[in-house]
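Geometric and topological summary
Here is how the chains run, residue by residue.
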There are 2 protein chains.
Amino acid sequence: MQILQVKRAESGPSFLKRASTDKLREVFLKYASYQKNGEHFMTSEDFVRKFLGLFTDAAFNDESVRLLAGIADTSKDGLISFAEFQAFEGLLCTPDALYKTAFQLFDRQGNGTVSYDNFAEIVQKTELHSKLPFRLDSPFIKRYFGEKKQRLINYAEFTQLLHDFHEEYAMEAFRTKDPAGSGYISPLDFHDIMVNVKRHLLTADVKDNLVAITEGHKVSFPYFMAFTSLLNNMELIKRIYLHATQGNRTEPVTKDELLYAAQTMSQITPLEIDILFQLTGALHHTGWWRRKKFEANRQV
Amino acid sequence: MQILQVKRAESGPSFLKRASTDKLREVFLKYASYQKNGEHFMTSEDFVRKFLGLFTDAAFNDESVRLLAGIADTSKDGLISFAEFQAFEGLLCTPDALYKTAFQLFDRQGNGTVSYDNFAEIVQKTELHSKLPFRLDSPFIKRYFGEKKQRLINYAEFTQLLHDFHEEYAMEAFRTKDPAGSGYISPLDFHDIMVNVKRHLLTADVKDNLVAITEGHKVSFPYFMAFTSLLNNMELIKRIYLHATQGNRTEPVTKDELLYAAQTMSQITPLEIDILFQLTGALHHTGWWRRKKFEANRQV
């Protein structure tokens, strides 16, 4: 399962229109294979494999399918009623649909809260965890769930937890690759962490150049932090670029110009700017950074 | 000493012009009180108290003055030569002057690296540390300086360390105020942390409303994280607002509109948007967020 990475949509703000009840019922009945007292229901398989088209292999993981179906099955009785299906469609139309969907996956009891056990259960079933395990008794976990891990997390808090969890995961992966605590990891381990933990922020070109930009040197923890921070800050970098060129979208800027604009309006570090130029240099063999070129390599 | 907080300048990018050597020498000689073999030097006091105009009280802290003078005294011999003074002026004209200045403060040996001992020495002398101590053997410190705290940090890495240190400080302060690890702090402790650790990001209005926006409830760790993240992300929030209004700078937006724009282009969490509206509500008694009003309350 890869359910934790919130992807960015390409379009600007535009609210989704709700489907009509008739149209929805038509879709629902097409997949609902189960009947009880004359009422139709979707099973977990109906919803996940047939309707969503996920886990379509014959050898699918039954538990993953049940977990995913839990997003729509808010009564958690193993079946999805039409009312639940309609509510799911409504959820997808909300502006925070991705976070809400994730919350309903983690809220295993359907009571509006996520416990430590809920969180651990889902995390342990992710593909990422099987490759790079996350310590589920780490200080990070205790900060969110309390020292005794008994604090329940509501929806709003959960959104912050999920966001911060992604950041923490990268640090945790560094730790896993540097068990002796030397403060360095190998270029290959750097590559491994990035493609697993930060995959959603990498374009094909950046991915192919991850080892190249290290120039064979070990990657220090501050460099690692600056690299992930740069990936996160790409929207802000665009704004800083436009600030430096006073709105011109094709003008090349020097590192000093970009650095100057970065210092005056944000919290981008000089190391992040260094890495940006290393990266564009590796991609285009140039010391100048052209937004257009870089832009073309971004996944938005 | 409050030397760690990098403030944002109000102006756009415009490089500073270097002063002429004659003009610089004139200024230098005005303050240089020490002579050796016919050459003039500034003492630490000349530089910090007379030239910079800091620590002007009669009962000044001698050690703080010496530490600050170390920024210009790159040979670390206790005296500032004209060449050092000129180099300091040059440093102030670089686009990353604030980071470079901080680095020269922490680089106590003047060898281009910062050791754990250097870092600890300066941190322990800050006003903030005396109020809210930072654990100098924490996992954070070990990630940067290595398990044995023997790794040396160069300038580029230092910039990332300094940035991340500010983020970590807030979390560390939460931990200090919640020794039992309940996951909550009181509204007054929240206020205390914010005005001490995030003071440079608070306007007078926000500062005055810190307790009010908690509505008397305890502050949970995720809320705390979202709040500090919101303060850090204010530039991005502006961009999201403009995205939502398609560039219009006076149009009010609803929470859903802002949330929708935030989801499609960045990593702002729904909780951050909640807090933004709580904050503007507390300041202006309105559920609508007007950029102009909010803008007026920001310290830029």
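About the cut-offs
- Residues numbered from 1 in each chain as written.
- Chains lettered and ligands numbered in written order.
- Predicted model: local features only at pLDDT ≥ 70, side-chain atom pairs only at ≥ 80, totals over all residues.
- Heavy atoms only, no water.
- Helix = DSSP H or I, 4+ residues; strand = E, 2+ residues; numbered from the N terminus.
- Buried < 20%, exposed > 50% of the residue type's maximum accessible area, 1.4 Å probe, protein only.
- Contact = heavy atoms within 4.5 Å.
- Buried area = accessible area lost by both parts, 1.4 Å probe.
- Salt bridge = Lys/Arg side-chain N within 4 Å of Asp/Glu carboxyl O.
- Polar contact = N/O pair within 3.5 Å; in protein donor to acceptor, adjacent residues only side chain to side chain.
- Nonpolar A, V, L, I, M, F, W, Y, C, P; charged D, E, K, R; others polar.
- Core = buried A, V, L, I, M, F, W, Y, C linked by side-chain atoms within 4.5 Å.
- Phe/Tyr/Trp six-rings, centres within 6.5 Å; stacked < 30°, edge-to-face > 60°.
- Lys NZ or Arg CZ within 6 Å of the ring centre and 35° of its normal.
- Least-squares fit on C-alpha atoms with pLDDT ≥ 70 in both.
- UniProt positions renumbered as here; feature names shortened; annotations may be inferred.
- Lys, Arg positive; Asp, Glu negative; His and termini not counted.
- Domains from an automatic or database assignment.

A look at the overall build of chain A
- Looking only at helices and strands, chain A has 17 helices and four strands in total.
- Burial analysis of chain A (300 residues in total) assigns 54% to the buried set.
- Put simply, of all contacts in chain A between residues at least 6 apart along the chain, 61% involve residues at least 24 apart.

Re the interface of chain B and chain A
- Between chain B and chain A, the contact holds 60 residues from the first and 60 residues from the second.
- For the pairing of chain B and chain A, the buried interface totals around 5300 Å² over both sides, and the portion due to carbon and sulfur atoms is 60%.
- On the surface where chain B and chain A come into contact, there are two salt bridges.
- The salt bridge involving Glu235 of chain B is made with Arg239 of chain A; its shortest N-O contact spans 3.5 Å.
- Between the two partners, chain B and chain A, sit 11 residue pairs in polar contact (both at pLDDT 80 or more).
- Of the residues forming the side of chain B that touches chain A, the biggest block, nine residues, is contributed by helix α9 (residues 155–177) of chain B.
- Looking at side-chain class alone, the side of chain B that touches chain A contains 26 nonpolar, 19 polar and 15 charged residues.

Looking at the nonpolar core
- Residues Phe224 and Phe227 of chain A together with Phe224 and Phe227 of chain B are the most contacted members of the largest nonpolar core, which totals 172 residues.
- Element by element, the count of residues in this core is highest for α9 of chain B, at 11 residues.
- Beyond its immediate stretch of four places on either side in the chain, Phe227 of chain A contacts Phe190, Met194, Leu210, Ile213, Ile275 and Leu279 of chain A.

A word on the packing of aromatic side chains
Residue and element names in this part refer to chain A.
- Under the definition given, this model contains 52 aromatic pairs over all chains.
- Centroid distance Phe106 to Phe119: 5.4 Å. Interplanar angle 25°. Geometry classified as stacked. Here the residue Phe106 occupies a position in helix α5 (residues 97–106), and Phe119 occupies one in helix α6 (residues 116–124), the gap between them amounting to 13 residues.
- Relative accessible area serves as the criterion here: at 0%, Phe119 is assigned to the buried category.
- Residues Phe140 and Phe165 carry aromatic rings whose centres are separated by 6.4 Å and whose planes lie at 40° to one another, so their mutual orientation is tilted. Separated by 25 residues along the polypeptide, Phe140 in helix α8 (residues 139–145) and Phe165 in helix α9 (residues 155–177) bring together distant segments of the chain.
- You can call Phe165 buried: its relative accessible area is 1%.
- A cation sits over an aromatic face here: Arg25 above Phe82, 4.4 Å from the ring centre.

Examining the relation of the copies chain B and chain A
- Between chain B and chain A, the superposition needs a rotation of 180° and an axial shift of 0.0 Å, giving an RMSD of 0.0 Å. Seen this way, the second copy is the image of the first under a two-fold rotation axis. The position closest to the rotation axis in chain B is occupied by the C-alpha of Leu236 of chain B, lying 3.1 Å away.
- Mapped onto chain A, 100% of the interface residues of chain B again fall at the interface, so both copies present the same surface.

Considerations on the UniProt feature "domain: EF-hand" (unreviewed entry) in chain A
Residues and elements named next belong to chain A.
- Annotation from UniProt places "domain: EF-hand" (unreviewed entry) at residues 94–129 and 165–200.
- Secondary structure content for residues 94–129 is 61% helix and 0% strand, while the C-alpha to C-alpha distance between its ends is 29 Å.
- Taken end to end, residues 165–200 is 67% helix and 6% strand, and its two terminal C-alpha atoms sit 15 Å from one another.

Topic: helix α14 (residues 234–244) of chain A
- Buried residues dominate α14 of chain A, accounting for 10 of its 11 residues.
- Trailing α14 of chain A by a residue or two, Gln246 of chain A shows a phi angle of about 55°, which is positive.

Focus: the side chain of Glu84 of chain B
Residue and element names in this part refer to chain B.
- Assignment of secondary structure puts Glu84 in helix α4 (residues 82–92).
- Buried charged residue Glu84 carries no salt bridge. Nearest counter-charge: Lys76, at 8.3 Å.
- Within the local environment of Glu84, its side chain forms a polar contact with the side chain of Ser75, the two groups lying 2.8 Å apart.
- Among residues more than four places away in sequence, those in contact with Glu84 are Ala72, Asp73, Thr74, Ser75 and Leu79.

Remarks on the domain arrangement of chain A
All names here are of chain A.
- When its domains are assigned, chain A resolves into domain 1 (20–93), domain 2 (97–158) and domain 3 (178–284).
- Domain 1 puts nine residues into the contact, and the matching count from domain 2 is 12 residues.
- The contact between domain 1 and domain 2 buries some 1000 Å² in all, and 63% of this surface belongs to carbon and sulfur atoms.
- Inspection of the region where domain 1 meets domain 2 yields one salt bridge.
- Between Lys125 and Glu63 there is a salt bridge, and its shortest N-O distance comes to 2.7 Å.

Focus on unusual backbone geometry
- The backbone phi angle of Gln246 of chain A is positive, close to 55°, even though this residue is not glycine.
- With respect to the helices and strands, the residue Gln246 of chain A is situated in the loop between α14 and α15 (255–265).
- In this structure, Lys149 of chain B takes a positive phi of about 55° despite not being glycine.
- In this structure Lys149 of chain B comes out as partly exposed when scored by relative accessible area, which is 23%.

What about the environment of Gln109 of chain A?
Residues and elements named next belong to chain A.
- Along the polypeptide, Gln109 turns up in the loop between α5 and α6.
- Along the primary structure Gln109 and Lys76 are separated by 33 residues, whereas in three dimensions their C-alpha atoms are 6.7 Å apart.
- The residues contacting Gln109, other than those within four sequence positions of it, are Lys76 and Asn118.
- A polar atom in the side chain of Gln109 sits 3.2 Å from the side chain of Asn118.

Looking at the pattern of salt bridges
- Counted under the stated rule, the structure contains 40 salt bridges over all chains.
- Between Lys177 of chain A and Asp192 of chain A there is a salt bridge, and its shortest N-O distance comes to 2.8 Å. Taken together, the positions of Lys177 of chain A in helix α9 and Asp192 of chain A in helix α10 (residues 187–197) put the pair 15 residues apart, joining distant regions of the chain.
- Given a relative accessible area of 26%, Asp192 of chain A falls into the partly exposed group.
- A salt bridge links Glu172 of chain B to Arg175 of chain B, with the nearest nitrogen and oxygen atoms 3.7 Å apart. Here Arg175 of chain B and Glu172 of chain B lie together in helix α9, a separation of three residues that amounts to about one turn.
- Glu172 of chain B gets classed as buried once you look at its relative accessible area, which sits at 3%.
- Among the residues examined, Arg175 of chain B registers a relative accessible area of 41% and is labelled partly exposed.
- Within this structure, Glu63, Arg108, Glu121 and Lys125 of chain A form a network of salt bridges that share partners.

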